[in-house]
Amino acid sequence: MSPALRRAAGMTTILLAFALASWLALGPSRDWEGGTRWLRHGLALGSLALLSLGARLSVPARSREATDTAPE
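Residues numbered from 1 in each chain as written. Predicted model: local features only at pLDDT ≥ 70, side-chain atom pairs only at ≥ 80, totals over all residues. Heavy atoms only, no water.

## Considering the packing of aromatic side chains
For any two aromatic rings, the description comes down to two numbers: the centre-to-centre distance and the angle of the planes. Put simply, the rule reads: Working definition: rings of Phe, Tyr and Trp (its six-membered ring) pair if their centres are within 6.5 Å, and the pair is stacked with planes under 30 degrees apart, edge-to-face with planes over 60 apart, and tilted otherwise. Only protein chains enter the accessibility calculation, which uses a 1.4 Å probe; a residue whose area is less than 20% of its type maximum is buried, one above 50% is exposed, and one in between is partly exposed.
Under the defined criterion, the tally for this structure stands at one aromatic pair. For the pair W23 and W32, a centre-to-centre distance of 5.7 Å together with 70 degrees between the ring planes defines the contact as edge-to-face. On the accessibility criterion, W23 (36% relative accessible area) is partly exposed. By relative accessible area, which is 25% here, W32 ends up partly exposed.

## Some details on the side chain of S47
For clarity, the threshold we go by: Runs of E in the DSSP output that reach at least two residues are strands. Runs of H or I that reach at least four are helices, and both are numbered from the N terminus. Whether two residues are in contact is decided by their heavy atoms, any of which lying within 4.5 Å being enough.
Mapped onto the fold, S47 is located in helix α2 (residues 35-58). When near neighbours in sequence (up to four residues on either side) are disregarded, S47 contacts A17, L20 and A21.

## Topic: α2
Inclusion rule: Expected helix span is computed as 1.5 Å times (number of residues minus one).
In this model α2 runs 35 Å from its N-terminal to its C-terminal C-alpha over 24 residues, within 8% of the 34 Å that 1.5 Å per residue would give. Buried residues in α2 make contact with α1 (3-26).

## Digging into the environment of P3
Among the secondary structure elements, P3 is positioned in helix α1. The exposure class assigned to P3 is exposed, which follows from its relative accessible area of 56%. Sequence spacing of P3 and P60 is 57 residues, and the spatial spacing of their C-alpha atoms is 8.9 Å.

## Comments concerning the side chain of T13
Counting through the fold element by element, T13 comes out in helix α1. Judged by relative accessible area, which is 14%, T13 ranks as buried. Every residue in contact with T13, bar those within four places of it in the chain, is listed here: L50, L53, G54 and L57.

## Notes on the packing of α1 against α2
Just so we agree on the cut-off: Angles here are taken between N-to-C directions and fall from 0 to 180 degrees, while the axes themselves are lines fitted to C-alpha atoms, restricted in helices to the stretch in contact. Orientation labels follow simple angle bins: below 35 degrees gives roughly parallel, above 145 gives roughly antiparallel, 65 to 115 gives roughly perpendicular, and whatever is left gives oblique. Note on convention: the crossing is left-handed when the near helix lies turned anticlockwise from the far helix by less than a right angle, right-handed when the turn is clockwise. Each residue is assigned to one class: nonpolar for Ala, Val, Leu, Ile, Met, Phe, Trp, Tyr, Cys and Pro, charged for Asp, Glu, Lys and Arg, and polar for all the others, Gly among them.
One way to put it is that α1 packs onto α2 with a least axis distance of 8 Å and a crossing angle of 160 degrees. Relative to α2, α1 is oriented roughly antiparallel. The element α1 and its partner α2 pack so that their crossing is left-handed. Along the lines of polarity and charge, the residues of the contact of α1 with α2 split into 17 nonpolar, five polar and four charged.

Bear in mind that shape data such as this cannot, by itself, settle questions of function.
What follows is the structure, given as structure tokens:
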């Protein structure tokens, strides 16, 4: 996958995670009781997982095997 496409997918995922978290915090989900409360908590944890995935897509880890080619 090209770096530009990875970053675009990462930023889209991060925006989706923020939108879901905002809806859970400020939206009509406050009135959920009983079993749907567990669904709300699951969605909140899913939002955190989406945020983590978006960060990994946007900023890939450096390879430890890459050598430094800069002159000394």
